[in-house]
Amino acid sequence: MKIAGHDIRKLRRSELPEETMALARFMIGKVVVRALPEGVLAGRIVETEAYMADDAACHAHIGMTPRNRALFLARGHAYVYLAYGTAWMLNVSSAAKGEGAGVLIRALEPIAGLDLMALRRGTGNVRDLARGPGRLAQAFAIDRSLDGVDLTRDRRLWLGREAGAPERISQAKIGISTRIGLTKGAHLEHRFYLKGSRFLSGPGALNR
DNA sequence: GTATGGATGTTCT
DNA sequence: GAACATCCATACT
């Protein structure tokens, strides 16, 4: 599929690593695509965080509830929830069906549909369109209505890979740090980011 | 660039 | 009633 000059194809579930940390790392450099009636949006993933089942910060840690049920779907489904009453968070379920783990997408580099993103965000500053999990959800019109969709099958929201993108981004280009904004599990280094990207959400000290 | 404080509403105790 | 996987404006270096 051609999107604003980029050749992007949908990822298959079988391509997704079966382990949460591996998936969080794998997703760096992949693409989030959102099809709206007004047009198609796309962004390259530059920052993720892993939330494993045995981690107190993972919403699935307390067991299945109405809110977190999508985390228990097979890997590759969207888990969308509202944080602090104002910001939607987009996660990808990351474990086997029934297990309960996910990867939070924290920041995107906009590559298609920038005008639509700017309208939704109320700013023309490209750097601020999708830098942060709440911002990217606002730019991409992501809310509870997309909770539970299969990101390897859905037409409205899916994960893709650009033609020509490396199979595996070299280790030297990916940084690892503690996660952002947590009290539980604050010491765990479960955040992955594309080194040198201008579109990272964290404070400078965590982006080296 | 960093630091701080308030707004916000859903979820679970 | 507390706890939040945040954002924005503001002040400051």
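Going by the structure above, here's the rest.
What this report covers is the structure whose coordinates are included nearby. (Residues numbered from 1 in each chain as written. Chains lettered and ligands numbered in written order. Predicted model: local features only at pLDDT ≥ 70, side-chain atom pairs only at ≥ 80, totals over all residues. Heavy atoms only, no water.)

**Examining the pattern of salt bridges**
Condition: Only one rule defines a salt bridge in this text: a Lys or Arg side-chain nitrogen within 4 Å of an Asp or Glu carboxyl oxygen. Helix and strand definitions here come from DSSP, where helices need a minimum of 4 consecutive H or I residues and strands a minimum of 2 consecutive E residues; each element is numbered from the N-terminal end.
For the structure shown, the criterion picks out 12 salt bridges. As a salt-bridge pair, Arg-9 and Glu-15 come within 2.8 Å of each other at their nearest N and O atoms. Between Arg-191 and Glu-47 there is a salt bridge, with its nearest N and O atoms 2.9 Å apart. With a gap of 144 residues between them, Arg-191 in strand E10 (residues 191–194) and Glu-47 in strand E4 (residues 39–51) connect regions that are remote in the sequence.

**Overview of the protein's contact with DNA strand B**
Basically, it comes down to this: We call a residue near a molecule or strand whenever a single non-hydrogen atom of that residue lies within 4 Å of it. For the purposes of these results, a polar contact is taken to be a pair of N or O atoms within 3.5 Å, where, inside protein, one atom must be able to donate a hydrogen and its partner to accept one; residues adjacent in sequence count only when each atom of the pair is a side-chain atom.
Taken together, Thr-65, Arg-67, Leu-82, Tyr-84, Gly-85, Thr-86, Arg-127, Arg-144 and Gly-204 make up all the residues around DNA strand B. Taking the atoms of DNA strand B that fall within 4 Å of the protein, sugar and phosphate contribute 74% of them. Contacts to DNA strand B include Gly-85, whose backbone N or O atom sits 3.4 Å from a sugar or linking oxygen. Here Gly-204 contributes a backbone N or O atom positioned 3.0 Å from a phosphate oxygen of DNA strand B.

**Details of the protein's contact with DNA strand C**
Neighbouring DNA strand C are 20 residues; Asn-91, Arg-121, Gly-134, Arg-135 and Leu-182 lie closest to it. When the atoms of DNA strand C within 4 Å of the protein are sorted by group, sugar and phosphate make up 55%. In the model, a base nitrogen of DNA strand C is placed 3.2 Å from a nitrogen or oxygen of the His-59 side chain. Side-chain polar atom of Arg-135 to a phosphate oxygen of DNA strand C: 2.7 Å apart, as the coordinates give it.

**A word on helix H2 (residues 114–121)**
Structural remark: α-helix, 3.6 residues per turn; residues separated by three or four positions point the same way. Stated formally: Accessibility here uses a 1.4 Å probe with only protein chains present; expressed as a share of the type maximum, an area under 20% marks a residue as buried, one over 50% as exposed, and anything in between as partly exposed. The directions considered for the arc run from the helix axis to the C-beta atoms. Two residues form a contact once any of their heavy atoms are found within 4.5 Å.
Taken as a whole, H2 has its buried residues at Leu-116, Met-117 and Arg-121. The buried residues of H2 all sit within an arc of 130° when viewed along its axis, so they share a single face. Looking at H2, the residues exposed on the side facing more than 90 degrees away from the buried face are Asp-115 and Leu-119. On the buried face of H2, the contacting elements are E4, strand E7 (102–112) and helix H3 (133–139). Downstream of H2 by a residue or two, Gly-122 has a phi angle that is positive, lying close to 75°.

**Observations regarding the pairing of E7**
How we decide: DSSP-based pairing: two strands are paired if at least 2 bridges between them are found.
Among the 11 residues in E7, 10 count as buried, and that is most of the element. Where E4 lies against E7, 9 bridges are found, and the strand directions are antiparallel. Pairing of Ile-45 across the sheet is with Leu-108, part of E7. With 3 bridges connecting them, strand E6 (residues 87–93) and E7 associate as antiparallel partners. When the bridges of E7 are listed, Asn-91 appears paired with Leu-104.

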